[in-house]
Amino acid sequence: MVSAMDAVSEPLSIEDIWIWLGEVPDPEIPVISVVDLGIVRDVAVSGGEVAITVTPTYSGCPATAVIAMEIEQALRRKGVERVKIETQLSPAWTTQWISKEGREKLRAYGIAPPVEGASCAGALKAPPDIMCPRCGSANTERVSQFGSTPCKAHYRCTDCLEPFDYFKSF
Amino acid sequence: MPKAAKENPLLEFALHMGDNCLILGQQVSAWCGHAPVLEEDIALANTALDLIGQAKFWLELAADLEGEGRSADDLAFLRDVRQFRNCLLAEQPNGDFGQTLMRQFLFDAWHHLMLTALLSSTDKRIAGIAEKAVKEAAYHLERSSDLVVRLGDGSSESHARMQTALDELWRFTGELITPDDIDAALAANGVAPDLGDIEKRWLDSVRGVLEEATLRIPEGAYMQEGGKTGLHSESLGYLLADMQFMQRAYPGATW
């Protein structure tokens with residue numbers, strides 16, 4: 001039951017919190033938000049406390065701790081005093097959770113968005129065809145499966161000759 | 001089997017999985033800034049990072065199962081050699097780039113199979129960690145298989161180095177696929193897979209890649225065991241002396 005007291009001290013709406021979280025940038029790819037990235041799994045408000053459930057991208061991603069801190073700071077700036085960040089492992093994060101807007105933002109920033117269904121199954125196989133985010137050519141080649149961050153592979157375009165990052169399917 | 005292990009096989013298993021990742025991750029991270037080419041330097045650092053991240057999940061589970069108020073960090077930095085449960089393969093020295101890669105490949109092939117099997121573990125916490133880690137292990141295996149083939153079936157120099165690495169490391173693979181009492185107990189209640197099944201699939205997968213790499217598996221090799229019961233090779237002591245220095249010299253230091 002929601003008492004009158006709670007109603008006064010709890011003007012927080014779940015929708016507002018999602019909007020605020022949509023303004024928290026990923027620390028390593030600042031053009032997309034933590035919501036675009038699909039790592040915010042749940043938002044709950046209970047008695048003035050906001051609980052945010054976050055799932056890590058890669059197990060050892062150094063951005064994970066920074067993301068938790070930035071979410072907390074963003075909510076505090078909006079006047080939320082009690083923030084709890086919970087980590088959830090399962091279901092495991094997948095690049096399928098990156099929003100449509102997030103994919104476009106990645107491409108505009110120069111990072112080829114993930115090609116779904118092309119995640120690695122552990123066996124030797126040809127890499128997927130990746131479109132160059134700069135000139136749109138499909139004539140690209142993989143330089144290395146491991147790029148500047150755990151989530152990216154290193155590619156180059158054989159038409160415009162530019163190197164670029166590919167956000168690998170995961 | 002030590003008495004404590006008999007009482008808590010799940011804890012032993014969590015330590016085995018976590019220590020494998022922690023110790024191999026620590027070894028691999030030593031390449032950071034030293035790899036033969038920049039792309040490999042980045043790949044090695046990323047692999048090490050994934051493994052250390054996975055170690056954190058397993059050791060958090062182990063700390064919870066142990067129930068003595070210790071944290072994952074306590075387990076990583078305050079246990080001594082005999083309390084580590086990682087396989088002997090993980091702790092072998094980096095050697096040259098060929099030895100580092102061969103060690104990685106033999107481990108990745110096992111790790112990926114093991115994690116895939118653990119997706120259907122009856123223990124939800126274990127299945128959850130496996131679900132996260134298996135995707136990373138797939139990328140590790142793809143890279144290490146690719147490079148083992150390229151260097152094995154490469155120049156006479158790279159071929160010779162890869163063969164030497166395989167001859168040196170093969171004897172440490174037996175314990176990964178040989179079930180002990182703990183493995184049998186966990187397989188019986190569906191927590192972990194039957195290692196006999198993993199053995200068959202591991203051999204198939206490893207043979208396929210090594211054949212393509214024109215490398216020869218040593219015949220009738222003696223298999224050295226001990227990692228899972230805490231009987232380690234010399235290199236683990238040096239590794240721990242390095243890894244645990246800060247916590248030993250400045251107990252409780254944080255940053």
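If you're wondering where the values come from, they're calculated on a predicted model, not measured in any experiment.

## Section: the overall build of chain B
For chain B, the count of helices and strands is 13 helices and zero strands. In chain B, the succession of α and β elements from N to C terminus is α-α-α-α-α-α-α-α-α-α-α-α-α. In terms of overall size, chain B behaves like a compact globule, its C-alpha atoms giving a radius of gyration of 18 Å where 255 residues would be expected to give roughly 18 Å. Projected onto the principal axes, the alpha-carbon positions of chain B cover approximately 55 × 45 × 30 Å. Here chain B, with 255 residues, has 48% of them falling under the buried criterion. At a minimum sequence separation of 6, the contacts of chain B that also span at least 24 residues come to 75%.

## Regarding the overall build of chain A
In terms of helices and strands, chain A carries four helices and seven strands. Listing each helix as α and each strand as β along chain A from the N terminus yields α-α-β-β-α-β-α-β-β-β-β. Burial statistics for chain A: of 170 residues in total, 32% are counted as buried. Across chain A, every contact between residues at least 6 apart in sequence was considered, and the portion connecting residues at least 24 apart equals 53%.

## Let's talk about the domain arrangement of chain A
All names here are of chain A. Domain annotation of chain A identifies domain 1 (4-87) and domain 2 (99-167). Here the C-alpha centroids of domain 1 and domain 2 sit 29 Å apart. The partner domain 2 presents ten residues to the eleven residues of domain 1 that form the contact. Residues belonging to the side of domain 1 that touches domain 2 are distributed by class as follows: six nonpolar, three polar and two charged.

## Describing the interface of chain A and chain B
Facing 20 residues of chain A, the contacting portion of chain B comprises 25 residues. Across the side of chain A that touches chain B, the residue classes break down as eleven nonpolar, nine polar and no charged.

## Comments concerning the nonpolar core
By size, the foremost hydrophobic cluster in this structure holds 111 residues, and its most contacted members are Trp58, Ala62, Leu89, Met102, Leu106 and Val148 of chain B. Domain assignment of the residues forming this core places at least three in each of domain 1 (4-87) and domain 2 (99-167) of chain A. When residues no more than four places from it in sequence are discounted, the contact partners of Leu106 of chain B are Leu89, Leu169, Thr173 and Val206 of chain B.

## Section: the environment of Leu38 of chain B
All names here are of chain B. Among the structural elements, Leu38 can be located in helix α3 (residues 38-66). Of the residues examined, Leu38 has 11 C-beta atoms within 10 Å and is grouped as exposed. Sequence separation between Leu38 and Asn8 is 30 residues; the distance between their C-alpha atoms is 44 Å.

## Describing the packing of helix α7 (residues 124-152) of chain B against helix α8 (residues 156-169) of chain B
Residues and elements named next belong to chain B. The contact between α7 and α8 brings their axes to 7 Å, and the two run at 125°. As judged from the angle between their axes, α7 and α8 are oblique. Along the contact surface, α7 presents Val148, Leu151 and Gly152, while α8 presents Ser158, His159 and Met162. Of the residues belonging to the contact of α7 with α8, the class tally is three nonpolar, three polar and no charged.

## So, the confidence of the model for chain B
Detailed reading of predicted coordinates is not advised where the pLDDT is low. Confidence in the prediction for chain B averages 95 pLDDT; 98% of positions are at 70 or higher. ipTM for the predicted complex: 0.86, alongside a pTM of 0.92.

## A few points about the environment of Gln27 of chain B
Residue and element names in this part refer to chain B. Its location among the elements puts Gln27 in helix α2 (residues 9-29). Residue class for Gln27 comes out buried when judged on the 23 C-beta atoms lying within 10 Å of it. Contacts of Gln27, omitting those with residues within four sequence positions, involve Asn94 and Leu239.

## Remarks on unusual backbone geometry
The residue after Ser90 of chain A, namely Pro91 of chain A, is reached through a cis peptide bond having omega 0°. One can find Pro91 of chain A in the loop between β3 (82-87) and α4 (100-109). Phi is positive for Leu161 of chain A, which is not a glycine, with a value near 70°. Note on placement: Leu161 of chain A falls in the loop between β6 (152-157) and β7 (163-167). The backbone of Thr214 of chain B sits at a positive phi, close to 55°, despite the residue not being glycine. Position of Thr214 of chain B among the secondary structure elements: in the loop between α11 (195-212) and α12 (234-243).

## Focus: the packing of α2 of chain B against α3 of chain B
Two measures define how a pair of helices packs: the angle their axes make with one another and the distance between the axes. All names here are of chain B. Where α2 contacts α3, the axes come no closer than 7 Å and their chain directions differ by 155°. If you check the angle between α2 and α3, you find them roughly antiparallel. The handedness of the crossing between α2 and α3 is left-handed. Residue classes in the contact of α2 with α3 are distributed as 20 nonpolar, five polar and one charged.

## Side note on the sheet that holds β3 of chain A
All names here are of chain A. Strand order in the open sheet made by the three strands is β1-β2-β3, with mixed pairing throughout. Strand pairing shows two members of the sheet lacking a second neighbour, β1 (40-46) and β3, which therefore form its edges. In this sheet, neighbouring strand axes are inclined to one another by 20° on average, regardless of whether the strands run parallel or antiparallel. Against the sheet, helix α2 (residues 14-21) touches β1 and β2 (49-54), its axis set at about 140° to β1. Each of β2 and β3 is contacted by helix α3 (residues 63-77), which is oriented at about 155° to β3, the strand it contacts most.

What counts, and at which threshold
Residues numbered from 1 in each chain as written. Chains lettered and ligands numbered in written order. Predicted model: local features only at pLDDT ≥ 70, side-chain atom pairs only at ≥ 80, totals over all residues. Helix = DSSP H or I, 4+ residues; strand = E, 2+ residues; numbered from the N terminus. Rg over C-alpha atoms; globule rule 2.2 N^0.38 Å. Buried ≥ 20, exposed ≤ 12 C-beta atoms within 10 Å, placed from the backbone. Contact = placed C-beta atoms within 7 Å. Domains from an automatic or database assignment. Nonpolar A, V, L, I, M, F, W, Y, C, P; charged D, E, K, R; others polar. Core = buried A, V, L, I, M, F, W, Y, C linked by C-beta atoms within 7 Å. Axes fitted to C-alpha atoms, helices over the stretch in contact; angles between N-to-C directions. Parallel < 35°, antiparallel > 145°, perpendicular 65-115°, else oblique. pLDDT = per-residue confidence, 0-100. Left-handed = near helix turned anticlockwise from the far one by under 90°. Pairing = 2+ DSSP bridges.

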